[in-house]
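Chain by chain, the residues run as shown.
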Amino acid sequence: APLWPEAQPDAALSALALASAQAQAAQAAGLPPVVGGSNLLRLRGLPFGTTAEQVCEFLTPIPVDPRGGVHMIRGPDGRPGGEAFVWLRDAFSVQQARAYDRRPLGRRYVEVLPGTEDELREAVNRQGHVDCSSGCLRLRGIPFDAGKREVCDFLRGYGVAPEHVTLQEVGGRHTGEAWVKFPGGEVAAREALEHLQNQRIGNRYIELFPSREPGDQEPPALAQQRPLSHRDGCGYIRVRGLPFQAVAGDVARFFEVYGVTTQNVQLRLNFNGRSTGEGVVQMESEELAKRAAHEKNRNFLFGRYLELFTVSYEEAQAFGSPPQPAKGFPTLANAAYIRLRGLPFSASPKDLVAFLSDIEQVTEDQVLMGRSTDGRQTGEAWVQLSSNENAEKALASKQRGDVGGRYVELFAATEEEATSMGGGGNPRSLGAVWVKVRGLPYSSMAEDIAQFFSDFEVKATNVVMGRGADARATGEAWVQFPSEDKASKAISTRDRGHIGGRYVELFPATSHEVQRITEQQRVQNGGAAGLSPTQGAAYLKLRGIPYSATPQDVAVFLEGFQVMPGQVAIGTGPDGRPSGEAWVQFADERTASAAMQAKNRASLGGRYVEIFPSNFQEALRASGGVGLEGYGAARGAG
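Rules of the game
Residues numbered from 1 in each chain as written. Predicted model: local features only at pLDDT ≥ 70, side-chain atom pairs only at ≥ 80, totals over all residues. Heavy atoms only, no water. Helix = DSSP H or I, 4+ residues; strand = E, 2+ residues; numbered from the N terminus. Buried < 20%, exposed > 50% of the residue type's maximum accessible area, 1.4 Å probe, protein only. Contact = heavy atoms within 4.5 Å. Areas by Shrake-Rupley, 256 points an atom, 1.4 Å probe, with all protein chains shown as cover. Phe/Tyr/Trp six-rings, centres within 6.5 Å; stacked < 30°, edge-to-face > 60°. Lys NZ or Arg CZ within 6 Å of the ring centre and 35° of its normal. Arc of directions from axis to C-beta. Polar contact = N/O pair within 3.5 Å; in protein donor to acceptor, adjacent residues only side chain to side chain. Pairing = 2+ DSSP bridges. Axes fitted to C-alpha atoms, helices over the stretch in contact; angles between N-to-C directions. Salt bridge = Lys/Arg side-chain N within 4 Å of Asp/Glu carboxyl O.

Under an unreviewed UniProt entry, the protein chain has the name RRM domain-containing protein and belongs to Alexandrium catenella.

Rendered as structure tokens:
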């Protein structure tokens with residue numbers, strides 16, 4: 001018998017049955033019995049290609065009990081789940097193993113926890129069934145210059161010859177996928193699936209999937225979702241940082257002690273119907289949602305910690321099935337276009353039809369609301385008008401007009417700009433998949449990051465560098481990947497890799513987040529119209545705002561008092577870092593007074609904010625000249 005017996009995914013004598021059979025054999029041989037669940041260790045966050053032997057090496061010199069062995073757990077889709085259960089010789093060994101918690105294995109930090117038989121039984125029962133009965137596997141990620149011979153070399157030991165390999169080609173070019181029919185049938189295919197997952201051909205990691213026959217494509221891993229069924233009194237949690245391979249069942253199990261089922265989970269999808277790394281969870285009450293968010297915030301799922309935020313029902317509605325790209329404008333000779341910025345996120349085409357009714361009777365088909373790829377409104381819209389004359393009239397008479405309690409800015413636009421930016425195409429592409437990089441050396445450039453991700457077809461033009469109000473690097477960047485698969489593989493294989501002598505952390509990101517960052521940086525570097533000291537204007541000082549707060553955050557905090565991000569100056573200290581203060585320009589003393597009365601000691605990002613009267617000179621001096629005059633104009637950025 002092997003030293004580390006491992007339950008086969010679908011034959012799983014259930015892992016417990018295997019352990020029980022081996023324990024009986026050990027008892028017959030005169031060995032002492034294994035003592036229940038106290039000898040069981042649970043590992044989470046393992047690299048997906050980890051084998052039982054590597055788990056044993058990871059735990060060396062702590063001995064693994066050969067009567068129980070190592071049990072690698074698969075996810076609901078049948079692929080490696082990054083989890084394992086290990087039987088040790090005694091409870092003392094389990095306590096010793098706890099010292100290995102957060103120890104790295106490959107590029108991942110592994111959670112090491114005491115396990116129970118109930119947890120093992122549940123994990124085995126929820127495993128997806130892997131059907132290898134056809135003896136055929138699909139390989140993905142093969143280098144474009146690799147042929148059948150390289151695939152055979154990768155599968156050496158399984159009797160695979162070139163005639164067993166089918167390479168996928170489109171237009172005469174290799175796509176990086178292949179199908180292999182194993183001469184050894186189901187047993188050989190299953191063994192290869194188990195032991196060669198995420199191994200390399202050249203510099204590329206190879207993914208393996210069961211397949212019915214050569215040319216058969218895998219079904220989407222992410223099942224179709226149903227909208228959440230809202231009930232009065234329910235609470236909602238926004239979840240950020242989900243592994244791309246996580247499905248609703250995984251999230252439900254993460255929150256299972258709070259009574260959450262898969263029907264209470266909605267993953268945010270992109271236009272391709274794939275997970276963006278975010279989701280929303282419905283709880284029985286707002287109090288339960290707040291408690292769960294507090295207790296589970298930054299806990300780990302598949303080796304990644306999740307960030308949790310309580311949200312309203314309206315915000316929860318933004319999650320769900322991928323939004324459809326907006327349709328184009330109707331055909332109209334001599335049409336002109338305008339762009340509106342600063343709209344309430346709840347604004348509708350009907351609101352803009354009413355707003356422009358004294359200029360022209362436009363229809364809702366002539367209004368295109370700006371949306372990010374996750375379906376959220378961006379606060380922008382584009383409107384088609386019948387003539388340049390009407391467009392100029394709107395720009396002149398409607399500038400800083402009121403829509404839903406917020407004044408809006410108007411700009412001339414083109415049809416190309418509207419159709420490319422309004423339907424969720426901002427930034428860069430409808431299907432954009434983004435990863436956030438944190439911990440970069442401040443001297444890093446986009447080319448350095450592109451080189452770091454060179455295996456994933458990333459170019460310098462796919463990188464957005466994070467910069468503060470002073471235009472200095474923040475140590476963060478956002479990287480666009482050609483697909484979710486590549487983004488997921490990059491996170492699993494490059495997380496905590498080194499750039500310029502520093503290890504960097506990788507997180508899933510959304511197009512909405514990147515859009516907010518790029519717009520914020522554009523404004524900071526003089527891209528906004530900005531304000532000069534205005535006669536009759538009044539100023540307030542906010543103290544105690546989060547250091548991460550942006551002008552947009554402050555504007556949202558003061559929603560209802562006609563504040564735009566361009567009227568907010570974030571205070572900075574001598575080192576150029578945020579000071580936790582901000583100055584805001586209001587239209588008049590009455591509006592400022594009402595805002596101070598209503599918002600003093602209100603909460604922003606979990607911190608209560610104090611508000612004091614101020615003036616333009618103080619704001620300009622304390623913020624280093626950033627904001628109020630064009631976000632950096634006083635520093636020569638404009």
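Right, picking up where we left off after that structure.
Okay, the overall build of the protein chain next. A tally of regular secondary structure across the protein chain gives 18 helices and 33 strands. Burial status across the protein chain gives 52% buried among its 638 residues. Summarising the internal contacts of the protein chain: among those between residues at least 6 apart in sequence, 73% fall at separations of at least 24. Surface accessibility of the protein chain: about 28,900 Å² in total, with carbon and sulfur atoms responsible for 49%.

Taken as a whole and assessed by the stated rule, the structure comprises 12 aromatic pairs. On the basis of an interplanar angle of 65 degrees and a centroid distance of 6.5 Å, the ring pair of F453 and F456 is categorised as edge-to-face. For F453, a relative accessible area of 0% corresponds to the buried category. On the basis of relative accessibility, which here comes to 6%, the residue F456 falls in the buried class. Taken together through their ring pairs, the aromatic side chains of F452, F453, F456 and F481 make up a single cluster. Above the face of the Y305 ring, R298 is positioned so that its terminal group lies 4.1 Å from the ring centre. Its end group placed over the ring of F355, K398 keeps NZ or CZ at 4.9 Å from the ring centre.

Residues of helix α17 (residues 589-599) that are buried include every one of T591, A592 and A595, and no others. For α17, the arc enclosing every buried residue in end-on projection is 100 degrees, short of the 170-degree limit, so these residues lie on one face. Residues E589, R590 and Q597 are exposed on α17 and point more than 90 degrees away from its buried face. Along its buried surface, α17 packs onto β29 (538-543), β31 (578-586) and β33 (607-614). The backbone nitrogen of R590 lies 3.3 Å from a side-chain oxygen of the residue at the head of α17, namely D588.

What the 4 strands build is an open sheet, ordered β24-β25-β23-β28; its pairing is antiparallel. The sheet is open, and its two borders are formed by β24 (463-467) and β28 (505-509), each paired with just one other strand. Neighbour-to-neighbour, the strand axes of the sheet open up by a mean angle of 25 degrees, direction not taken into account. One ladder, built from 5 bridges, connects strand β23 (residues 433-438) with β28; its direction is antiparallel. Bridge pairing links V435 to P508 in β28.

Attention shifts here to the pattern of salt bridges. As enumerated under the stated definition, the model contains 22 salt bridges in all. Of the charged contacts, one joins R138 and E177 as a salt bridge, the two residues approaching to 2.8 Å between their closest N and O atoms. Of this pair, R138 sits in strand β6 (residues 136-140) while E177 sits in strand β8 (residues 173-181), and the two are 39 residues apart along the sequence. With respect to burial, R138 and E177 carry one shared label: buried. Salt bridges linked by common partners bring R44, D101, R102 and E111 together as one network.

What follows covers the pairing of strand β1 (residues 40-44). Counting buried positions along β1 gives 4 out of 5 residues, so the element sits mostly inside the fold. Direction of pairing for β1 relative to strand β3 (residues 80-87): antiparallel, over a ladder of 5 bridges. Opposite R42, over in β3, you have F85 as the bridge partner. Alignment of β1 against strand β5 (residues 108-114), held across 4 bridges, turns out to be antiparallel. Pairing of L43 across the sheet is with V112, part of β5.

Following T60, the chain continues to P61 via a peptide bond in cis, the omega torsion being 5 degrees. Here R102, not a glycine, exhibits a phi torsion of approximately 70 degrees, which is positive. Exposure remark for R102: the relative accessible area of 35% places this residue in the partly exposed category. If you check the backbone angles, R601 has positive phi at about 70 degrees while not being a glycine.

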